[in-house]
Number of protein chains: 2
Amino acid sequence: MTKTENIMNIATKRGFFFPAGEIYKPIAGFWTYGHLGTLMKHNWENLWRKYFLGLSTNYFEIEDVNIMHKAVFQSSGHLDNFNDPLTECKKCHFRCRADQLIEDALERSTDGLKEKEMEELIKKNKIKCPNCNSSDFDKVVWFNMMFDLKVGATGNETVYLRPETAQSPYIAFKREFSALREKLPMGLAVIGKAFRNEISPRQGFFRLREFTQAELQIFFDPENIDKADNWNEVKNYKVRVFLTKDKKINEISCEDLNKKLKLPRFYVYHMTKIQKFYLEVLQIPKDKFRFRELSEAERAFYNKIHFDIELDLETLKGWKEMAGLHFRGDHDLGGHQKGSKEKLEVSIEGKKFIPNVLELSFGVDRNIWALMDIFYKAEKERELFQFDSIISPIQVAIFPLLRKDKLPEKAKEIFETLNKEFICSYDETGSIGKMYRRMDEIGCNAMITIDHQTLKDDSVTLRDRDSLKQIRVKTKNLKEVLKKFLEGERLEKLGKIV
Amino acid sequence: MTKTENIMNIATKRGFFFPAGEIYKPIAGFWTYGHLGTLMKHNWENLWRKYFLGLSTNYFEIEDVNIMHKAVFQSSGHLDNFNDPLTECKKCHFRCRADQLIEDALERSTDGLKEKEMEELIKKNKIKCPNCNSSDFDKVVWFNMMFDLKVGATGNETVYLRPETAQSPYIAFKREFSALREKLPMGLAVIGKAFRNEISPRQGFFRLREFTQAELQIFFDPENIDKADNWNEVKNYKVRVFLTKDKKINEISCEDLNKKLKLPRFYVYHMTKIQKFYLEVLQIPKDKFRFRELSEAERAFYNKIHFDIELDLETLKGWKEMAGLHFRGDHDLGGHQKGSKEKLEVSIEGKKFIPNVLELSFGVDRNIWALMDIFYKAEKERELFQFDSIISPIQVAIFPLLRKDKLPEKAKEIFETLNKEFICSYDETGSIGKMYRRMDEIGCNAMITIDHQTLKDDSVTLRDRDSLKQIRVKTKNLKEVLKKFLEGERLEKLGKIV
């Protein structure tokens, strides 16, 4: 089995995620989070929330509807431009993305190609239909990826499911700018669903038709783009950057990114925070992380500066986009001001201007997949996820050694106490060995076993998932020991104090 | 201004919620949560999650997609039965709900009426069109309230936005039952969006087209319906019940509900938990809470037992449904087993059966509105929300008395420390009086002011929103004092220990 298959096997069997509606015929690109996946996703979202909203006293989260006005996407440009190139096999009527067809067959990029150029490439190279092997394709047309629907009883009002969460803060800007006392920078985050009618979603859990985004839109005065409040704190910090010109990862100090590469300080400051979130909070190994500069052909016209945040994933054969940091200028508020005729220009100390936007955009589901890829480990006797306790779906598992002699009662009592402080699970269905293996497989950090000795001296066994070592701990010290253990203290060291 | 207008005024101005897409023409039934509303909604959701998932070690949350198979709603019956009666004015073509038309004009219930009966009532009473005053209405037809859309590039696969979160646990049952080691009762909760294309949504924030539900589906062995693990703990507890037969609220012990009213213990046990959630966790005054029994005409055929949880709301002129407790029998798993041909029957210790479902279903948005209704208070000089600290969007506000003399720096320092433990806000834009008023208006519990004396003796002023009393507290004791204060300790008592 491949690593992808191994991870998928655990994910579906143990309750991380599985194809939505699988008791019926599942539709590609829709997945359900099971009970473990939901716990893990909440962990990730709460870490993101705490870290990025913690960057300023003026950064907040809002929650918007998924169904939005047609007018919103007229102003944003999605109605005209949010398209994928579609082609159809004339023989079997199989429809697919023209760019993917070319990329797969010719192993080349299609960035910036026009529809005619794609048609010619398909024709000239006699690219075959993946469905029937014929090589007679129809014209390439642009297919809009938004889902449209009708609202109301008359059936003549078309609305859309948002294809990104970003529009919500732009639409709510005026209201929130007033509620938050007209200060800039102001940050509005959304953690929520987005919907894209992908022509042919691939890569399993990595490219979804319904997915979760965590996005922070920071509104600021463009004149301050080369200012960052805490510049001195970060100026010597080195960011891992992959530039289009030299095609390798360089570790470049913020000072140099600002002075030599002319990246504005406000942008660079947020690069450091994103890198710290991955390396220090999520504990991603440094060599699997980079910022990749996008070429002009790759990036949207309104993104004046655009680096993707990429992780190196074995299951997806290389560097994959996890997030993006986009300086979008006044494209967003300018567009909505024009479209809505509402004044979105602000006036601060007599100066009037349209706030610019710096967008931090994360795909939550693909970040979850990345954690599973990076922390998966196959050993001779077992498979496990070496999750840090801040990300594990279950931090502590409690088992009775046997289902008799009042051991379950004692175990449940300990479960109740620990569950107030940690994410705990109680299990009694199986031999202790099987219960350990199951908990290894879901990345549970600590396992507590209650046995006959517990009833005598009130001590339990604490087992470390990674080292497989065990120590005995008095129940009165259990909370303190677990707290230190989950914060990263090694078991050997804890063994001495209990 | 009415109370509704007063609350709406604060809600939209301060960032609780406002009509979605209001810079364009808003569509009825869609609302955006601003930064305060989002904080408050998270509080509510986290309290719900902690309380109801805490009822068993085998209750978990899952997260599903909003876009679901047509087949799901064929099996569930939504395609056939999830309809509202629609009629159209022949003169002006205004469309509206026939039942609402009748209820408004005749002040009577329409529960259980067939379309012909409604047509006759409209005709006989010459009910007028709310739009043009004519009284010539077309036939009453059933209008399906689900939003449909197309997925994929061919445009021939119809899917639906889920009209309730409940179907997700039913569809995921097989997978999760296996992942959770085949034990019953098993609970699967979803906190998520649901979508209903209401013909004419009214009541502002109370009836939405896109809304959030918090639902717990408990799967159990129907033979155990008269068992509850902790029956002895609850049997003398009194539940506030409004029965169809006597039309008043009675406080009836669980023992009597079980023995005299023949409600099964598993059902009654969950009634007590829901009542405790409202009275003890959310601190709703007892006299505003009741369970209302639904008559046979009112309840769906698959709901064998159905009580609504209602709160008495001044803004909505009486008792309003906040949640429901439904014993649904084997309708759900039975229907999906038939529709999907997948075996959803379980086998436990040799006994084969289709698990039955007890559903706890809460509307999150209307619960938020209810809290605002119940805790709103208008005084001579100010308006305020008397939220308990577990529900307040902001628990502690920190202000410098002046924007000079290093007071803001000191205030920010204190903010940073307190923000680690409480939900805090920092403000310096206004006079201290105005900042106090703004915080009263959003229900902030505690206000801390940093003044010149702070720089001398490291003490600050702590102001109580409700009593308006103030005490001075040493900053080194501030965390401890705030913790006790937010847990409900009175300021006078705290004044003595600081």
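Residues numbered from 1 in each chain as written. Chains lettered and ligands numbered in written order. Predicted model: local features only at pLDDT ≥ 70, side-chain atom pairs only at ≥ 80, totals over all residues. Heavy atoms only, no water.

Caption draft 1: Main features of the interface of chain B and chain A. If you look at the interface, chain B gives 76 residues, while chain A gives 76 residues. It is Ile23(B), Tyr24(B) and Glu63(B) in chain B that bury the most area against chain A; as a group they hold 13% of the surface buried on that side. Viewed at the interface, chain A and chain B are joined by 4 salt bridges. Notably, a salt bridge pairs Glu63(A) with Lys41(B), separated by 2.6 Å at the nearest N-O pair. On inspection of chain B and its partner chain A, the count reaches 32 residue pairs in polar contact (both at pLDDT 80 or more). The element that contributes the greatest number of residues to the side of chain B that touches chain A is helix α7 (residues 167-179) of chain B, accounting for 6 residues. Looking at side-chain class alone, the side of chain B that touches chain A contains 32 nonpolar, 20 polar and 24 charged residues. (Contact = heavy atoms within 4.5 Å. Buried area = accessible area lost by both parts, 1.4 Å probe. Salt bridge = Lys/Arg side-chain N within 4 Å of Asp/Glu carboxyl O. Polar contact = N/O pair within 3.5 Å; in protein donor to acceptor, adjacent residues only side chain to side chain. Helix = DSSP H or I, 4+ residues; strand = E, 2+ residues; numbered from the N terminus. Nonpolar A, V, L, I, M, F, W, Y, C, P; charged D, E, K, R; others polar.)

Caption draft 2: Quick look at the environment of Lys276(B). All names here are of chain B. Among the structural elements, Lys276 can be located in helix α10 (residues 265-281). Expressed as a C-alpha distance, the spacing of Lys276 and Val239, which sit 37 residues apart in the sequence, is 9.5 Å. When near neighbours in sequence (up to four residues on either side) are disregarded, Lys276 contacts Tyr51, Tyr237 and Val281.

Caption draft 3: Representation of the side chain of Lys41(B) within the structure. For Lys41(B), the position within the fold is in helix α2 (residues 35-53). Excluding residues that lie within four positions of it along the chain, Lys41(B) makes contacts with Glu63(A), Tyr33(B), Thr212(B), Val364(B), Asp365(B) and Ile368(B).

Caption draft 4: Here's a closer look at the sheet that holds strand β19 (residues 356-363) of chain B. All names here are of chain B. Here 9 strands make up an open sheet; going across it, the order is β3-β10-β11-β19-β16-β15-β14-β12-β13 and the pairing mixed. The sheet is open, and its two edges are formed by β3 (59-61) and β13 (249-253), each paired on a single side. On average, each strand axis in the sheet is inclined to that of its neighbour by 30°, with strand direction left out of account. (Pairing = 2+ DSSP bridges. Axes fitted to C-alpha atoms, helices over the stretch in contact; angles between N-to-C directions.)

Caption draft 5: Looking closely at the relation of the copies chain B and chain A. Expressed as a screw transformation, the operator carrying chain B onto chain A has a rotation angle of 180° and an axial translation of 0.0 Å, and the superposed copies differ by an RMSD of 0.0 Å. These values place the two chain copies in the arrangement generated by a two-fold rotation axis. The C-alpha atom lying nearest the rotation axis in chain B is that of Leu149(B); the distance is 2.8 Å. Of the interface residues in chain B, 100% have counterparts in chain A that sit at the interface too, so the contact is made through matching surfaces. (Least-squares fit on C-alpha atoms with pLDDT ≥ 70 in both.)

Caption draft 6: Here's a closer look at the pattern of salt bridges. Across all of its chains, the model carries 84 salt bridges over all chains by this definition. Between Asp84(A) and Arg97(A) there is a salt bridge, with its nearest N and O atoms 3.3 Å apart. With Asp84(A) in strand β5 (residues 83-88) and Arg97(A) in strand β6 (residues 95-97), this residue pair connects regions lying 13 residues apart in the sequence. A residue is classified by how much of its surface remains accessible, and Arg97(A), at 11% relative accessible area, is buried. Across the pair Lys351(B) and Asp221(B) runs a salt bridge whose closest N-O atoms are separated by 2.6 Å. Linking Lys351(B) in strand β18 (residues 351-353) with Asp221(B) in the loop between β11 (210-220) and α8 (231-234), this pair joins segments that are 130 residues apart in sequence. Given a relative accessible area of 28%, Lys351(B) falls into the partly exposed group. A relative accessible area of 11% places Asp221(B) in the buried class. Sharing partners across several salt bridges, the network here consists of Lys377(A), Glu379(A), Arg382(A), Arg437(A), Asp440(A) and Arg463(A). (Buried < 20%, exposed > 50% of the residue type's maximum accessible area, 1.4 Å probe, protein only.)

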